[in-house]
Amino acid sequence: MPTTITPTTRRMPMSRLGPPSSLPRFRWQQPIADTDTPPNRGLSPEEGRHGFQWGKDSILPYRVFDDYDRHLVDADMELIAMGNGRLEVTVAPQLGGRLMSLRDLKRGRDLVFTNPVFQPANLAALNAWFSGGIEWNGLIPGHTPFTTARIFAGIVDTERGPILRLYEFDRIVEATWQVDLFLPADDDRLYVHGRIANAADTMKLAYWWTNVAAPMRQGMRVISPADYSIEHVLPGNELARFPFPDPARFDGSYPDRWQDATSVFFRAPTARRRYIAALDEAGFGLAEASTGALVGRKFFYFGMAPGGQQWMDYLARPGEGDYIEIQSGVAPTQNQRFELPPRTQLEWTEVYGALEVDPRKAHEPNYSIAVAATTAAIDSRFPEAALAETDRFLATAARRPVTRRLSAGSPWGARHERLTLRPLAEGLDFSVERPADAWDELSDTGRFSATARATVPTDFAVSDLWVEALEQSREAHGDTWLHALLLGIAALDRDDRPRAALLFEQSVAQKPTWLGLRQRALVATDGDTAARDYLAAWVTRDAPPALAAEIVDFLVRHDRFAELEAFVSDLPDSALTDERVHLGRARVAARQGDLDLLETLLDRRFATIREGEMLLDQLWNSLQHGRLREALGREPTADEVTARLKQHPVPPHLNFRMKSE
């Protein structure tokens, strides 16, 4: 049967997801303290090259997606369907091109975990993230910045049938990524061709991991060639080398033997084939193999502890969210970037499909025997020669333009091309039909019109290229409050606080906008000045609701309870329901010993708690400590508090621990 690609919808329970925040967020505005990562242990030079520390990098110019809740309503999810009678694939262009489902029709099996709901949670660099399917993670760490953003999608007609193309321009690396999905007629294997293009004259450091969610089943084993493994070691989250499977601990190729959330990187530098497979007790499951550019393989599992199980249920529905991630990447580990030389492209091809291995061999205690049997099955199912030939075909097709566009993404790729007078990548069209804004004016004319200067911007640019354009505009056409504000945001992103403070002062002096006042509050050297600017920003007529939560957090952190009480009392009901305002009130109740209010405020299904954030634990512990103090009529001892917490453990709706006690 020939392959077809058509727009469609899927009716499902979905959480509301609002637009990205209009507040530029800086690296130090995270709910989790930024700590140095301890040194890696036992890694090779290749495994440590271009390493980075999580939480150190800026997410600007991207904006966070934090406007969502836990209320699910049946709605139609926009999808692109691809099928040939053997496999059925759906993709969501408005969610970063996430492959949402991959169903083997002949076997009647869903090969990837297909989430029954759409429920974001705070697990990505830009906050909102959801589980399921296959996600394309590039070109920065921390899950793709397009997780909940619309990207470009279109059909490329070829002599072998249609290709579904997904692509975007990354504004931090300032390079493009592209994924072409190819399902040959009457075939039950899906080919995915990746391409990253650097059109600049300078080397870039980039990142890529393809993350596949596979249904988790009891007794499942993950198999990939491994001479040894690299694993994260808590609490410092360092990387360390271990034997694999480790005879001193347990056979870590079985995810359900891990108590805590874990990542295992399979390392076999001289392996002939690059693949990973998640096989159930019957030896059946999903497998992925690739050409040589993807050297990394990994599995991630939330673990069997209550916190990990809660996370999976929280991202789906109770009892319906169990999954494991099998992943492939360009670098050996996810703590690394890789080099993109000037004016070069990196390409690879992956292939996905069902795999069946003799269960006795797939679950052979000797891991090398299990690997040998799985490798033989991979060679039969995904022959090297066929993969190489398809890779050559897809590399040629990757440079062809789309025949028909199905989705338009961000305008920033086209702006970059206009500013540099250079195309980003052959075959990729970044044109977008939309009203022009200040950034279009800057790239097209080098100046800001009176219309652009009349409103506060909701998007930002902080790279060297755009800072230079702003400086040139300022010099050629004169300074404005908008130039000073945007240059100040870029300076603060670089941690140049003195320059940022000067620029924000200049901006507010020319026009006291809510954003200028908020930015001046961020760089204030004393609490009184910061509080004054924050409150002045809030009373401007166009301050966004998200600013209220930031002000509450500031006032709580600086013990300004009188101002907090006055501020909250004047907030509209809509702002009081904001989760971070709600948590700010809970923190005040905990500090003031208002236990009844604290207990009431904790009786809620929280939506935006950050992975690794312990605030709910701390508030619950404060509640139990206070209740015990009331019961005893005195301050309890440490042992008495420990006993109380054992009797009243953190309830499931507040338990998001990634590590068991």
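Structure first, text after, so check above.
Counting restarts for each chain: residues are numbered from 1 in the order of the written sequence. Predicted model: local features are reported for residues with pLDDT of at least 70 only, side-chain atom pairs are reported and counted for 80 or more only, and whole-chain, interface and lining totals are derived from all residues. Here the side-chain values reflect all heavy atoms present in the structure, with hydrogen atoms and water set aside.

(A) Region of the structure containing the overall build of the chain. Secondary structure is summarised from DSSP: a helix means a run of H or I of at least four residues, a strand means a run of E of at least two, and numbering begins at the N terminus for each. Secondary structure summary: the chain contains 19 helices and 25 strands in total. The C-alpha atoms of the chain give a radius of gyration of 26 Å, which matches the 26 Å a tight globule of 661 residues would have. For the C-alpha atoms alone, the extent of the chain along its principal axes is close to 70 × 70 × 50 Å. Burial classes: relative accessible area under 20% of the type maximum marks a residue as buried, over 50% as exposed, and values in between as partly exposed (1.4 Å probe, protein chains only). In the chain, which comprises 661 residues, the share counted as buried stands at 58%. Any two residues whose heavy atoms approach within 4.5 Å at even a single point are treated as in contact. Sequence separation of at least 24 residues holds for 73% of the intrachain contacts in the chain that already meet a minimum separation of 6. Total accessible area on the chain stands at roughly 26,400 Å², and carbon and sulfur atoms take up 51% of it. Two things to know: the radius of gyration comes from C-alpha atoms, and the globule rule equals 2.2 Å times the number of residues to the power 0.38. Methods summary: accessible areas were calculated by the Shrake-Rupley approach with a probe of 1.4 Å, and residue burial reflects only the protein chains presented.

(B) Highlighting helix α16 (residues 579-592). Over its 14 residues, α16 extends 20 Å from the first C-alpha to the last, a length consistent with the 20 Å expected when each residue adds 1.5 Å. Where α16 is concerned, the buried positions are Glu579, Val581, His582, Leu583, Gly584, Ala586, Arg587, Val588 and Ala589. On its buried side, α16 packs onto α13 (546-557), α14 (561-569), α15 (573-576), α17 (595-602) and α18 (615-632). For α16, the N-terminal capping position is held by Asp578, with its side-chain oxygen 2.9 Å away from the main-chain nitrogen of Arg580. Where α16 terminates, the next one or two residues include Gly593, which has phi positive at roughly 75 degrees. The span one expects for a helix is its residue count, reduced by one, times 1.5 Å. Counted as a polar contact is a pair of N or O atoms within 3.5 Å, where, for protein atoms, one must be capable of donating a hydrogen and the other of accepting one, and residues adjacent in sequence contribute only when both atoms are in side chains.

(C) Examining the packing of aromatic side chains more closely. Each Phe, Tyr or Trp ring, with Trp reduced to its six-membered ring, pairs with another whose centre is within 6.5 Å; inter-plane angles below 30 degrees give stacked pairs, above 60 give edge-to-face pairs, and intermediate values give tilted ones. Inspection of the entire model under this criterion finds 26 aromatic pairs. Where Phe302 meets Trp311, the ring centres are 6.4 Å apart and the plane angle is 15 degrees; that geometry is what we call stacked. The burial state of Phe302 is the same as that of Trp311; both residues are buried. Among the aromatic residues, those joined into a cluster by ring pairs are Phe113, Phe300, Phe302, Trp311, Tyr314 and Tyr323. Any Lys NZ or Arg CZ found within 6 Å of a ring centre and within 35 degrees of that ring's normal is scored as a charge over the ring. Over the aromatic face of Phe250 sits the side chain of Arg249, whose NZ or CZ is 6.0 Å from the ring centroid. Taking the ring centre of Phe52 as reference, the NZ or CZ of Arg337 above it sits at 4.7 Å.

(D) The pattern of salt bridges, seen in detail. Note on definitions: salt bridges are taken to be side-chain nitrogens of Lys or Arg within 4 Å of carboxyl oxygens of Asp or Glu. Within the structure shown, the criterion is met by 60 salt bridges. The salt bridge partner of Glu238 is Arg41, with a shortest N-O separation of 3.0 Å. Taken as a pair, Glu238 in strand β17 (residues 238-242) and Arg41 in the loop between β1 (4-17) and α1 (45-48) lie far apart in primary sequence, 197 residues in all. For Glu238, a relative accessible area of 13% translates into the label buried. Take Arg41: its relative accessible area is 43%, and that puts it in the partly exposed class.

(E) Just the environment of Arg532, in detail. For Arg532, the position within the fold is in helix α12 (residues 527-539). Here the alpha-carbon distance between Arg532 and Arg518, two residues 14 residues apart in the chain, equals 9.9 Å.

(F) Up close: the nonpolar core. To qualify as a nonpolar core, a set must consist of buried Ala, Val, Leu, Ile, Met, Phe, Trp, Tyr and Cys residues joined through side-chain atoms within 4.5 Å. Judged by nonpolar contacts, the single largest core of 123 residues is most densely connected at Leu99, Leu102, Trp136, Leu181 and Trp208. At six residues, helix α4 (residues 367-381) tops the list of elements feeding residues into this core. If sequence neighbours within four positions are ignored, Leu181 has contacts with Met82, Val89, Val91, Leu99, Trp136, Pro162, Ile163, Leu164, Leu166, Leu190, Tyr191 and Val192. One finds Ala469, Trp514, Ala548 and Val568 within the second-largest nonpolar core, a separate group that totals 66 residues.

(G) Spotlight on the sheet that holds strand β10 (residues 163-170). The criterion for strand pairing is that DSSP finds at least two bridges linking the strands in question. Here nine strands make up an open sheet; going across it, the order is β15-β19-β20-β24-β12-β11-β10-β9-β25 and the pairing antiparallel. Of all the strands in the sheet, the pair left with one neighbour each is β15 (221-223) and β25 (404-407). Direction aside, the axes of adjacent strands within the sheet are offset by 20 degrees on average. The pairing of strand β20 (residues 284-290) with strand β24 (residues 344-356) spans seven bridges and is antiparallel. Its bridge partner lying in β24, Gly285 is registered against Leu355. Axes, fitted as lines to C-alpha atoms, cover a helix only where it is in contact. Angles between the N-to-C directions of the axes lie from 0 to 180 degrees.

(H) Up close: helix α9 (residues 481-493). With 13 residues, α9 extends 18 Å from end C-alpha to end C-alpha; this agrees with the ideal 18 Å at 1.5 Å per step. Counting buried positions along α9 yields 13 of 13 residues, so the element is predominantly enclosed. Note on α9: the residue one or two positions beyond its end, Asp495, has a positive phi of about 65 degrees.

(I) Layout of the packing of α9 against helix α10 (residues 497-510). Where α9 contacts α10, the two axes come as close as 8 Å, and the packing angle between them is 160 degrees. Accordingly, the angle class assigned to the pair α9 and α10 is roughly antiparallel. Of the two possible hands of crossing, α9 and α10 adopt the one that is left-handed. On α10, the residues touching Trp481, Ala484, Leu485, Leu487, Gly488, Ile489, Ala491 and Leu492 of α9 are Arg497, Arg499, Ala500, Leu503, Phe504, Gln506, Ser507 and Gln510. Following the grouping adopted for this structure description, the nonpolar residues are Ala, Val, Leu, Ile, Met, Phe, Trp, Tyr, Cys and Pro, the charged ones are Asp, Glu, Lys and Arg, and the polar ones are all others, Gly among them. When its residues are assigned to classes, the contact of α9 with α10 shows 10 nonpolar, four polar and two charged. The scheme is simple: roughly parallel for angles under 35 degrees, roughly antiparallel for over 145, roughly perpendicular for 65 to 115, oblique for anything else. Handedness of each helix crossing follows the sense of rotation of the near helix against the far helix: counterclockwise by less than a right angle gives left-handed, clockwise gives right-handed.

(J) View of the packing of α9 against helix α11 (residues 514-522). At a minimum axis separation of 11 Å, α9 and α11 run at an interaxial angle of 30 degrees. With respect to their mutual orientation, α9 and α11 come out roughly parallel. Where α9 crosses over α11, the handedness of that crossing is left-handed. Contact residues: α9 offers Leu485, Ile489 and Leu492, while α11 offers Leu515, Gly516, Gln519 and Leu522. Of the residues assigned to the contact of α9 with α11, the class counts are five nonpolar, two polar and no charged.

(K) Structural view of the pairing of strand β18 (residues 262-267). Most of β18 sits out of view: six of its six residues are buried. With burial as the criterion, each face of β18 is covered, one bearing Thr262, Val264 and Phe266 and the other bearing Ser263, Phe265 and Arg267. Where strand β16 (residues 228-233) and β18 come together, four bridges link them in antiparallel fashion. If you follow Glu231 over to β18, its bridge partner there is Val264. With five bridges connecting them, β18 and strand β21 (residues 296-301) associate as antiparallel partners. Residue Phe265 lies in a different strand from β21, and its bridge partner there is Lys298.

(L) Layout of the side chain of His582. With respect to the element layout, His582 can be found in helix α16. For His582, the side chain forms a polar contact with the side chain of Arg604, separated by 3.2 Å. The residues contacting His582, other than those within four sequence positions of it, are Leu576, Leu601, Arg604 and Phe606.

(M) Expanded view of the pairing of strand β11 (residues 175-182). Most of β11 sits out of view: eight of its eight residues are buried. Here β11 shows a buried face lined by Ala175, Trp177, Val179 and Leu181 and a second buried face lined by Thr176, Gln178, Asp180 and Phe182. Across eight bridges, β10 lies against β11 in antiparallel orientation. If you follow Glu168 over to β11, its bridge partner there is Trp177. Where β10 folds back onto β11 in an antiparallel hairpin, the turn is made up of four residues, including Glu174, whose phi is positive at roughly 60 degrees. The pairing of β11 with strand β12 (residues 190-198) spans seven bridges and is classified as antiparallel. Its bridge partner being in β12, Leu181 is matched across the sheet by Val192.

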